[in-house]
Structure formats: structure tokens, C-alpha cells
Amino acid sequence: MDREEIKVAVLRMEGTNCEDETVKAFRSLGVEAEAVHIKQFYSDMIRFEEQRSVFDYQCLVFPGGFSAGDYIRAGAIFSARVKSVLRKDIEEFIKMGYPILGICNGFQVLVELGALPGFDEDKPLAEKPEMALAMNDSSRFECRPTLLKKESEKCIFVKNLKKDVVMFPVAHAEGKVVFPSGKEDEYLERLTSNDQIVFRYVDEKGDYAGYPWNPNGSFYNIAGICNATHTVFGLMPHPERAFFGYQVGRREGYGDGYCIFRSVVDYLEKL
Amino acid sequence: MYRKVDVPFELYEVEILDASEEELAKISEEMGLALSVDEMKRIQDYFRQKGRNPYDIELQSLAQAWSEHCCYKSSKYYLRQYLLEASKADYVISAIEEDAGVVEFDDEYAYVTAFESHNHPSAIEPYGGAATGIGGILRDVLCMGAQPIALIDPLFFGNLDTPYEKLPRGTKHPLYLLKGVVAGIRDYGNRVGIPTVAGMVFFDNSYLTNCLVNVGCVGIVRKDRIIHSRAGGAGDLFVLAGGKTGRDGIHGVTFASAELDEKSEEEARGAVQLGNPIMKEPLIHACLEVVEKGLLTGMKDLGGGGLSCVIGEMALAAGFGAEVYLDKVPLKEEGMAPWEIWISESQERMMLTVRPEHIDEVLYIFQKWDVPATVVGKVIPEKITRIYYKGYKIYEMDTEFVTSGPEYCRPYVARKPEKELHEEVEPPADYVKTFMKMLSHPNAAFKEWIVRQYDHEVRASTVLKPLQGKMNFETHGDAAVIKPTRSFRGLAITADVNPWMCKVDPYWGAASSFDEMVRNLVAVNAVPHSFNDCLNFGNPEKPERMGEFVEAVKALGWMAKGVGVPCVSGNVSFYNETPYGAVAPTPSLLGVGIVEDVRKAITSEFKGRGAVILVGETHNEFGGSLYSAVMGQRCHKVPRTSPERLKTYSDAMLESFRKFEVKACHDVSMGGLAVCIAEMSFGRGLGFEAARELSFVELFSESNTRWVVEVPESVAEGYAEFFRAKELKAEVIGYSGGERLDFGAFSVELGEADKSWREGLTKFL
């Protein structure tokens, strides 16, 4: 499809907060992007001209930040709301091959939804979460730059990424990837063999390293993964904060985050 | 003295018409009004003229409006005398008069700034107190119609190594307060999605029983969308939007207008409000949406005094009065008396005025965001405020009387002149040991533990981050730079004050703090543009405390006017005092500068293989210095400055950035030249080698108006000559690179110095 036809929805609810910059990143690539309140999909109090359907869009984004304060567990309330009103639509959306991106809190939402690791192609949303993003090893919120090594060739969100190592900042308290106890190796094997591990934290030499390079103590240094169809992608670091050069200390051009957005737009153009 | 009125709810008539002075004092005490006998007598006269006794709600309302917090009765006289003149510049759109200052950013946009203290609540309940401080300052900026874009938070605590057994009764340990306050700012600021980009943390035992939590906010607004804190005209409806009203935060302002003591904990818990960022975040969106659609005539946040302050002020500012239906206010709990509803300081509430024809659209937008919004009154032509509750009229006063708070010209005494005091400045016996002590002092040490807990990048517009340098080796920057609009024009933001200097000499301490603020802005290549002050002092009824205040305000006015940087908003916080003493005079400053092109902002860390140049003049000035604190030497000569010198040097620095390639710049402040250079070295792990031996005065004095600049070696002499041609001081003092900090007089291994600096604060945590 043509680039101007592409429509991206950045989902919001009370307390979400990285939607503006995410919309801006997409718009600067010439696609139509808007922040959509989840109520616009289902609530009868919304006026006709503001009502939306998931299928008005070709890409959904769960933005970073917080949602509903995350007092229970990061992403839990947002995903519960989505599940209760949009479950079928989202499954359908994924099956149609449309991409979904979850950044930081959005990653947590996708995990809570059962969309990630998303091993079962026929059932894109698992009955219950199969992994978790636990409290950082440092036990506190940390905002810091991280280096990520690209590990997947198939994930549609990194196809356009030519570099091996990129810099995106993180800002979270709950970002440590954990798999069910005792099943870590099994999960790892499935993820690796299916090319679902997208980014891993590395140090300045490009080696897998501990804190602070791995800012949260993530299992296997995992920073982001995609589902079995490589179209649903979640990551803790924020590519939208490294989209423009000026955000990362460059006088010109773009930052490394640009390629994430560019890749998904390229993918949609070929659909 | 109190007579229950025969109505189906709680309402008392207070019999003051014939009350004696003792009885008036007793009423003030029993009702928690914190009004003096003279003030009570003025109220008595007013009701004698009306020929009736007041209701409890009327007296409570007056107590809010006439509190120090709301009407600045102790400070107004001096602020007008010394600072008002310094609030003017042709690019200032609104200064002092409203909740926030509004200043031109470019042709299309204005930036909005506000700066406040949240000291007393934070001393009682650090987490909630700090969080609601953030909430309140966001509303101050929002109510001008502006999108908040940055938060700033200078914090002041007692020494972290204070033994628990030495804590005065009723005082919480500084470590507990620090952790609670940082967590409160973190959890509120991060959740609401506004980056915390600047601030400072300072430890001194004068803050042991009185920690200070200052919070600032910067916002951006299109000039044609600026909303004022006043109603449009008669017939406008008052819409209360946001959180429900409860019993939290009752008597917050009267509590903030008195000294704390060991009983404050029990008595004042209820005065600390509870914040809710998840109400605030949609409230911001909804308010900005109705602003964008041009549906409001006015907007103001509910802060100190709650409804009682906001409604009257909004109506009166437009030359009108108000009628209020108090039973329409949505409540958190049942059984609240009308006066409690009227003065509650429950958080997350905004008051809007709306023309009747726009009311449906406004209510729809709030409903869409799931934010409650209710019509609670209307603007009337007469300058009177009337309140109805369940059909009964329970309040009727002239709005002008309520808002005409008293004003005092409090007596003050100045300090005794320093020349009578003996100055002790000796060189260190062991340079290395002294230097290491300075680096690891919590006031100078690395603040990463705090800074990283705040999301300083949300909104993705933070160009210069608070920590700068190579990843995971970062150092402190001078000011954060934000890019608020589509253009590459940016705002530089810094927060500064030097309480040690202010303690020794409030006048020169305040002037030095101003100098530091300007230096920090200039260091990142920003033109100093405006500032806010948050003036934290002790009990103004004590002439010595008042003296500190007057001296500080005088110095700020002198510097601001001379340098041409206007004071556009501010806040005075008195009564930061307990039976154990008062806080060091703490005039916190929030400085804002304009960066012509954010891509040309300058960072603080050495980039390597450069010449290091000191710009400015160094004198033997150790009063309030880190060196004197570490050495235990009593020094009284606080560094001098002058607006002329500061202006000349600042202009020359900014010109030099246009003419030369500058790799790094950092201002010389706490710890002097040695600590400044060390900080620049730590950011990339690149050492320093002095070109000549530097004396202890050169290394450790904290003389004002100085910067260290790193330039390519090839332009070093030309760069220094550029200043000398203007008859200004600049000297190539050394070169960046290597693995040592070599100052000639002494030298240390960089890694060792780095370690003590990075662990200086965390070793207490």
C-alpha cells in the first residue's frame, strides 16, 4: 500500500504518556498516525466522529510510560481493559499480518496480554501470560542509555537496521525479562530457534555484560523479543527517544531508533 | 462563643461581635485560623458594620485568604521595594501577577514557569508531600493553558551521617526524608509523564528539623492560547474539574504559615494532601484540549485554600463576584461540613470559567477523558461572593474584603559587618587528602542515584540531559536543554542556590547564587532569559530572620536588574524554623535561558586532547566554600560579584562560542577550580595536566563569574587573547588527557578520584 494510506494508532488510556513522541516519529515518516483513546473503540458516550475500529489501522502501538499508574503490576490494567473489549479484534489483527509494537510499558502490556512471546501462530494471544517483566535488580526506576545488539533477521521491525549495535535509552522499574522457573532453557531454545530474540543488552565493546549495561538484570540480556510470526514486537528501551539526531547528541540526521519505525513502514508499504 | 445554626447540616455562627481580645485569640486558636488578634479585630469591625455574626465558613475563608502562604503579608512590602523593578523586560508577557510567569519564547510560542516550596508537608510525610508538590506546580503551569515540559526540584536535608540518637524529638532522619522525597517526585513525575531534568541536593544540619522541598515546572503555550486566571464576564459558569474533594489538606496553608514543632506530626497529618497522578495525567490532556478548542474564558488551579481562594480571586480579577452552590461539589466522603468543603486542599482539581454556550462541549471532553467536571457556580456582576448549600445562604462577603489581606512592614536587623571577624584561611597540610574529601562530600559528589530515578527523557525532547559524557561514565551537566517546539530553538534550565554562602552572608550568598545560575545557563550556550525565586527562610516575626530575607531579596533585585534577567514568578516560604533553629537562608533560583539552536548546546565533559582555559578572576574568597567546610576553617568573606562584571563576562563567553570551536564548558562553583576540572575529567575518563603550578587559592577558592573551557590546542592562544582584548581574564591553565589529575601543586590518579566522587553520596544509602 502507499505510504500515505498507512494509518497507525498509538493507544492511550488514563495515565499513558509517551504517545505524543511516538505519533511524531511515525508522522515524520509521512504516514498518518494518531493517539487513540481505548474508549474510542468501544464506549457509547464517544461521539460518532471520534469512534474508531482497530481495523481502521494497519499498525497498533502500545506506547511507553505508565498506564493507570501501574500500581498493581506494570501493564496489568491496560491489558485487562484491552482483553475485555478488544481481544477478538486484536487476534484477528495479528492473524491478518498487521504489526503491533509495544515499547516499555507497551512491552509489559503485550506480555500481560499473552501476545509475547506468542509461540502459537494460531492463537496469537495466549490464555495467560507466559513470561514477565519483573522488578529491576537494582530495585528502583532507572533512566539510562543502553546499547543493544540486533539478534533477529526475521523480525519485521529491524529489517531496515543495518547496524549491529544501537543505542536506545531505557526508563523503567520493571523491565527484567523472566521466564517460568525451570523452563528458561526450553523458552530460550524456542525463541532462538525461531529467531524471536530481537535485541540483547551489550557493553561498549559489543559483549554481553552485566549491570549497568544490562540495566535490569534481564535473563540472557534480553531487551526485546517478537512473536512467532515476527510481526508483534516488544522492547523495554525507547526507540522514539533516539529517533532524531538531536535526541542523542548528533547535530544532523536521525538516531538509531529511526530504523525501527522505518522498517515497519517499509513492511506495510509491501503489504 | 459558637452557636449551631438551625439547618440540616453542620453550620455554626461564631459570636465575635462582642468578643474581647482574649476571646478573639481563643476563637482563632480553637478554629485553627492562625490569625492574629489585630487581624481578628479587623474581621470583627467588618461584621459589626454588617450587623451580624459570621458563620464558621466565613471565618475559615478569611483565615485562608489572609495566611502568609496566600497573601504574602510579611514579604510583599520588601518584594515590591527590591524585586518588582527587576521583573520587567520587553519580552515578559506576565510576571508576578498570576500563578506562573509567562515569557516570550519566539514569535509563536511563550514559555511558562512556576516555582514553589512544599516544605512543611514534606517534613511530615516526605513521599506524599513531595508528590503533591509536583502535582501543584504542574497545575500552576497548566492553568495558563500551557503544556508542562520539564520539572525541576532542588532539595535540602540535614546531614546523612546524623546519628539517630542525636535526632531531636519528632524529627525524621535525613536519610528517610531523602529517600521518601526522591521516591515521591519519582513516582509522581514519572507517572504523569513530565521529565524531571534539573535540580540540586544539598545537605546541611540547619535542614535537620526542616527539610526543604522546592519544585519548579516549565511549560510551553501558543501565545494565542494563553489563559488567564480570571473569569470572562458575568454569567460565566464555574466548572470544577478533576479529583473529588475530601478532608485531606484542610488547613494546609495555615499549617505552612507557622513553625513546626514535635507535635506537628499528629496535628498536621490532615494538612498533607494526597496526590493522584492518574487523575492528573488525563486532567492535563482534557484541560489542554478545551484550551486548544478555545472553550474557556479563564482557568486557575486549586492550591492553597482550595475553593475559598480560587473562586473569589478569579471573579474579582475580572471585576466581578460569584455565586456558588457548594452542595454540587463532588465529595470523597460523607458528612463534610460546608466550611471543610470550601477550604479543602484536595489535589488534582482545576477551576474553569466557561460561557454557557460552551458548557456542553466542555463537559463532553472531560467525560471522554473520564475526568469528573461539574458546574458549581456562576459569575455575578456585583463584587460579592455568596454561597448556597442545600438551599440555605451560608456565606456572603465582599470579595474585596476577603482578598485584601493584611500587609506588614516587619522590622529587621542586618548582620554585623564581616570585617570585625577573623578570617582563617590556611593552605591544606595534605592536598590529596583534602581534595578527596571535597570530591566525596555529599554536596559535591555524583548525584546519579537520584537523577537516574527520574525519567528525564519522557516527551523525547531533552537534548542536553542532566548527566553528560560517555555512557556509564557520565558527569554532571550545567543545565538541561529542552527542545519544546518544532523549531531548533531551545530552553536551558538550571536550579541553583548556595546555602552555605547565604548562611555566612545572605546578601553576597544570594548574589553568588544568582551568579551561579547565570553561569550555568551560559555554560551550555544559552542566553540567560528569566528566573523564578523560591525564598525559603525562618520565622519572619524574628527580626534577624527578616534581616536575612531582606538582604537576600535586595541582592537578587540588584543582580537581576543589572544583568537584565527578569524575575517572572516566585514564592516565599517563611516559618522554616523549629525550636532547634531556622534553615540557612535559601533563596533557590530557577533559571531559564534561550538556546538559539539546540544542536549547538555545549556539554561539560572533556572531549580530549584539548587546551583547558580558565575564564574569569580568582580571589581569596572562601566564605561558605566547600574547602572551608572540609578544613573546618572559619571564613567570612563570601565571594563577591557584580552585575556589570557578570554581564560583561557572560556576553564575552557567548560571543566566544560563536567565534571558536569549543569542545566543553563547565562553570566553576562548589569546590572551586579543582573540583570543576575533576568533574569535566570524569565524564569520559580523560585526565588533566596543569601547564603551571596552581596555588591552593586558585584551586579551591569559589570566586564567582568563572568558567573552564576546553578548546582545540590550535586555537587556545587565540581564545585566551579574545578575552584579554576585551580586558577580561583568561588563561591556558593546562591540557586534557591522560590518566591523572595533575594540578602541579599535587596530583592524583583519575580512577581513584573518580571512585571517591561517585561513591560520595551512595556510601550513605
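What counts, and where the lines are drawn
- Residues take numbers from 1 onward in each chain, read along the sequence in its written order.
- Here every chain gets a letter starting at A, and every ligand a number starting at 1, in the order they are written.
- Local features are withheld for residues below a pLDDT of 70 in this predicted model, meaning they are given only at 70 or higher, and side-chain atom pairs are given and counted only at 80 or more; totals for whole chains, interfaces and linings count all residues.
- Heavy atoms from the whole structure form the basis of all side-chain values; hydrogens and water molecules are not counted.
- Strands are runs of DSSP state E lasting at least two residues, helices are runs of H or I lasting at least four, and both sets are numbered from the N terminus onward.
- Two things to know: the radius of gyration comes from C-alpha atoms, and the globule rule equals 2.2 Å times the number of residues to the power 0.38.
- Only protein chains enter the calculation, and the probe is 1.4 Å; a residue is then buried if its accessible area is under 20% of its type maximum, exposed if over 50%, and partly exposed in between.
- Contact between two residues is taken to exist if any of their heavy atoms lie within 4.5 Å; hydrogens are not considered.
- Each accessible area value is a Shrake-Rupley result obtained with a 1.4 Å probe; residue values ignore everything except the protein chains displayed when judging cover.
- Charge counting follows a simple rule: Lys and Arg are positive, Asp and Glu are negative, and His as well as the terminal groups are ignored.
- Where a charge sits is defined by one atom per residue type, namely NZ (Lys), CZ (Arg), CG (Asp) or CD (Glu).
- UniProt positions are given in the numbering used here, feature names are shortened, and annotations may be inferred rather than shown by experiment.
- Put simply, a salt bridge is a Lys or Arg side-chain nitrogen that is within 4 Å of an Asp or Glu carboxyl oxygen.
- Lining residues are defined by having an atom within 4 Å of a point belonging to a cavity or pocket. Those points lie on a 1 Å grid over the protein atoms alone, cavities being sets where a 1.4 Å probe fits but cannot get out and pockets being open sets with protein on both sides within 12 Å along at least five of seven lines.
- Grid points are joined across faces, edges and corners, and a volume is the space filled by probe spheres set on the points.
- Amino acids are sorted into nonpolar (Ala, Val, Leu, Ile, Met, Phe, Trp, Tyr, Cys and Pro), charged (Asp, Glu, Lys and Arg) and polar (every other residue, Gly among them).
- A pair of Phe, Tyr and Trp rings is counted when the ring centres sit within 6.5 Å of each other, with Trp represented by its six-membered ring. The angle between the planes then sorts it: under 30 degrees is stacked, over 60 is edge-to-face, the rest tilted.
- Whether a charge sits over a ring comes down to the Lys NZ or Arg CZ being within 6 Å of the ring centre and within 35 degrees of the ring normal.
- As used here, buried area is the combined drop in accessible area, with a 1.4 Å probe, of two parts when they are placed together.
- For every element, the axis is a line fit to its C-alpha atoms; helices are fit only across the contacting stretch, and the angle between N-to-C directions ranges from 0 to 180 degrees.
- Here the word oblique covers every angle except those under 35 degrees (roughly parallel), over 145 (roughly antiparallel) and from 65 to 115 (roughly perpendicular).
- Handedness of a helix crossing follows the sense of rotation of the near helix relative to the far helix, less than a right angle counterclockwise being left-handed and clockwise being right-handed.
- Side-chain atoms within 4.5 Å are what join buried Ala, Val, Leu, Ile, Met, Phe, Trp, Tyr and Cys residues into a set we call a nonpolar core.
- For a helix, the expected span equals 1.5 Å multiplied by the number of residues minus one.
- Residue-level confidence of the predictor is summarised by pLDDT, bounded by 0 at the bottom and 100 at the top.
- Patches were defined on residues exceeding 30% relative accessible area and lacking a salt bridge, with like-charge contacts within 9 Å and nonpolar side-chain contacts (Val, Leu, Ile, Met, Phe, Trp, Tyr) within 5 Å.

Asker: I would appreciate a short explanation of the overall build of chain B in the present structure.
Answerer: From N to C terminus, chain B includes 26 helices and 32 strands. By the compact-globule yardstick of 27 Å for 765 residues, chain B fits well, its C-alpha radius of gyration being 26 Å. Its C-alpha atoms give chain B principal-axis dimensions of about 85 × 55 × 40 Å. Taking all 765 residues of chain B together, 68% fall into the buried category. Taking the contacts inside chain B whose residues are at least 6 apart along the sequence as the reference set, 84% of them involve residues at least 24 apart. Accessible surface, chain B as shown: approximately 25100 Å² in total, 48% of it carbon and sulfur. The positive charge centre, built from 82 side chains, and the negative charge centre, built from 111, are 2 Å apart in chain B.

Asker: What exactly am I supposed to notice about the UniProt feature "active site" in chain B here?
Answerer: Residue and element names in this part refer to chain B. Following the UniProt record, the feature "active site" maps to H69 and H118 here. Across 50 residues in sequence, these annotated residues keep their C-alpha atoms within 11.1 Å of one another, forming a single compact spot. In this fold, H69 is placed in helix α4 (residues 68-71). As for its position among the elements, H118 is in the loop between β5 (109-117) and α6 (119-124).

Asker: Can you walk me through the environment of P506(B) in this structure?
Answerer: Residues and elements named next belong to chain B. Looking at the element boundaries, P506 is found in helix α19 (residues 506-523). Residue classification places P506 among the buried residues on the basis of a relative accessible area of 2%. When the C-alpha atoms of P506 and K41 are compared, they prove to be 36 Å apart, with 465 residues separating the residues in sequence. Those residues in contact with P506 that sit more than four places away from it in its chain are R415, E548, E551, A552 and P585.

Asker: Got a minute to help me understand the pattern of salt bridges in this structure?
Answerer: Two side chains that carry opposite charge are able to pair once their charged atoms sit near each other. Within the structure shown, the criterion is met by 69 salt bridges over all chains. Ionic contacts of the salt-bridge type, sharing partners, join the residues E142(A), R144(A), E448(B), R452(B) and E474(B) into one network.

Asker: So what exactly am I meant to see when it comes to the environment of K561(B) here?
Answerer: Residue and element names in this part refer to chain B. With respect to the secondary-structure elements, K561 resides in helix α20 (residues 543-563). With a relative accessible area of 52%, K561 lands in the exposed category. Sequence separation between K561 and K88 is 473 residues, and the spatial gap between their C-alpha atoms is 8.5 Å.

Asker: Explain empty space enclosed by the protein to me, please; I cannot follow it from the model alone.
Answerer: Any space left empty among the atoms is revealed by the rolling of a water-sized probe across them. All names here are of chain B. Taken as a whole and assessed by the stated rule, the structure comprises five cavities of 30 Å³ or more. The space that makes up the largest cavity amounts to roughly 790 Å³. Along its surface, the largest cavity is lined by 38 residues, and G199, M200, K447, H476 and G477 are the ones closest to its centre. For the lining of the largest cavity, the elements supplying multiple residues, two or more each, are β6 (147-157), β7 (196-203), α17 (448-451), β20 (490-496), α19, β27 (664-667) and α23 (672-682). Counting residues per element, the lining of the largest cavity draws most heavily on β7, which supplies seven residues. Among the residues forming the lining of the largest cavity, the class breakdown is 20 nonpolar, 11 polar and seven charged. Roughly 80 Å³ of internal volume is contained in the second largest cavity. Of all the secondary structure elements, the ones that give two or more residues to the lining of the second largest cavity are α12 (307-317) and α15 (399-403).

Asker: Where do I start with the UniProt feature "active site" in chain A in this structure?
Answerer: UniProt records the feature "active site" at C104(A), H238(A) and E240(A), using the numbering of this structure. These annotated residues cover 137 residues of sequence, and their C-alpha atoms lie no more than 10.9 Å from one another, placing them together at a single site. Residue classification places H238(A) among the buried positions, given a relative accessible area of 0%. Beyond its immediate chain neighbours, meaning those up to four positions away, H238(A) contacts C18(A), G64(A), G65(A), I103(A), C104(A), F168(A), P169(A), V170(A) and A171(A). Structurally, the position occupied by E240(A) is in the loop between β11 (232-235) and α5 (258-270). Owing to a relative accessible area of 1%, E240(A) belongs among the buried residues under this scheme. Beyond its immediate stretch of four places on either side in the chain, E240(A) contacts C18(A), E21(A), T22(A), I103(A), Q247(A), F261(A) and A460(B).

Asker: What exactly am I supposed to notice about the packing of aromatic side chains here?
Answerer: Between two aromatic rings, the relevant description is the distance of the centres plus the angle of the planes. Counting across every chain of the model gives 54 aromatic pairs over all chains. Summarising the aromatic geometry, the rings of F55(A) and F93(A) are spaced 6.4 Å apart at their centres and angled 45 degrees between planes, so their arrangement reads as tilted. Here F93(A) lies in helix α2 (residues 76-95) and F55(A) lies in the loop between β2 (32-37) and β3 (59-62), a separation of 38 residues in the sequence. Through pairs of rings, three or more aromatic residues link up here, namely Y431(B), F435(B), F622(B), Y627(B), F688(B), F696(B), F700(B), F743(B) and F746(B). Note that R758(B) overlies the ring of F446(B), its terminal NZ or CZ placed 4.9 Å from the centroid.

Asker: Is there a simple way to explain the UniProt feature "binding site: ATP" in chain B in this structure?
Answerer: Residue and element names in this part refer to chain B. This chain's UniProt record puts "binding site: ATP" on Y72, D533 and G570. These residues run over 499 residues, yet every pair of their C-alpha atoms falls within 14.1 Å of each other. The residues touching Y72, leaving out its near neighbours within four places in the chain, are S67, L79, G570, N571 and V572. Within the secondary structure, G570 is located in strand β22 (residues 567-573). With a relative accessible area of 31%, G570 lands in the partly exposed category. Ignoring anything within four residues of it in the chain, the contact list for G570 reads Y72, F115 and D533.

Asker: What is the right way to read the interface of chain A and chain B from this model?
Answerer: Reports often express the size of an interface as the amount of accessible area lost when the parts come together. Taken together, the 41 residues of chain A in the interface contact 39 residues of chain B. When chain A packs against chain B, the two sides together hide about 3600 Å² of surface, and 52% of this comes from carbon and sulfur. Inspection of the region where chain A meets chain B yields six salt bridges. One salt bridge in this structure joins R47(A) and E361(B), with 2.9 Å as the shortest N-O distance.

Asker: Whenever I open this one, the packing of helix α11 (residues 277-292) of chain B against helix α14 (residues 359-368) of chain B confuses me. Can you help?
Answerer: Residues and elements named next belong to chain B. Where α11 contacts α14, the two axes come as close as 9 Å, and the packing angle between them is 155 degrees. What the angle tells us is that α11 and α14 run roughly antiparallel. Handedness of the crossing formed by α11 with α14: right-handed. Contacts between α11 and α14 involve L283, A286, C287, E289 and V290 on the former and, on the latter, V362, I365, F366 and K368. Among the residues making up the contact of α11 with α14, the classes are represented as seven nonpolar, no polar and two charged.

Asker: How do you make sense of the packing of α19(B) against α20(B) when you look at a structure like this?
Answerer: Two measures define how a pair of helices packs: the angle their axes make with one another and the distance between the axes. All names here are of chain B. At a minimum axis distance of 7 Å, the contact between α19 and α20 shows a crossing angle of 35 degrees. The hand of the α19/α20 crossing is right-handed. Along the contact surface, α19 presents P506, Y507, W508, A510, A511 and F514, while α20 presents E548, E551, A552, K554, A555, L556, W558, M559, A560 and V563. Here the contact of α19 with α20 is built from residues that sort into 13 nonpolar, no polar and three charged.

Asker: Hey, could you run me through the nonpolar core in this one?
Answerer: As a rule of thumb, soluble globular proteins bury nonpolar side chains together. Ranked by size, the top nonpolar core spans 92 residues in total, and within it F26(A), F62(A), F199(A) and F233(A) carry the most contacts. If you tally residues by element for this core, the top one is α5(A), at seven residues. One finds L155(B), Y188(B), I194(B) and L288(B) within the second-largest nonpolar core, a separate group that totals 68 residues.

Asker: Help me understand helix α8 (residues 174-192) of chain B in this model?
Answerer: For an α-helix the count is 3.6 residues per turn, leaving residues at separations of three or four pointing the same way. Taking 1.5 Å as the rise per residue, α8(B) with 19 residues should run 27 Å; its terminal C-alpha atoms sit 27 Å apart, in good agreement. Within α8(B), 17 of the 19 residues are buried, which leaves it mostly tucked inside the rest of the structure.

Asker: Teacher, can you tell me more about the confidence of the model for chain B here?
Answerer: The predicted coordinates should not be examined in detail at positions where pLDDT is low. Overall, the prediction assigns chain B a mean pLDDT of 94, with 96% of residues at 70 or greater. Among the prediction metrics, the complex's ipTM stands at 0.95, with pTM recorded as 0.95.

Asker: Explain a negative patch on the surface here, please?
Answerer: Taken together, the side chains of E15(B), D18(B), E22(B) and E23(B) define an acidic patch exposed on the protein surface. Assessed through its relative accessible area of 32%, E15(B) is described here as partly exposed.

Asker: Would you take a moment to explain unusual backbone geometry for this structure?
Answerer: Where the residue is not glycine, phi is negative for most of them; where a peptide bond is considered, it is trans in most cases. Residue L116(A) is joined to P117(A) through a cis peptide bond whose omega torsion reads 5 degrees. The amide bond that connects Y211(A) to the next residue, P212(A), takes the cis arrangement and shows omega of 0 degrees. Inspection of the secondary structure assignment puts P212(A) in the loop between β9 (197-202) and β10 (222-226). Phi at Y72(B) takes a positive value of approximately 55 degrees, unusual for a residue other than glycine. Along the chain, Y72(B) turns up in the loop between α4 and α5 (76-82). A positive phi is found at K390(B), a non-glycine position, where the angle reads about 50 degrees. By the element assignment, K390(B) lies in the loop between β14 (384-389) and β15 (392-398). Residue classification places K390(B) among the partly exposed positions, given a relative accessible area of 47%.

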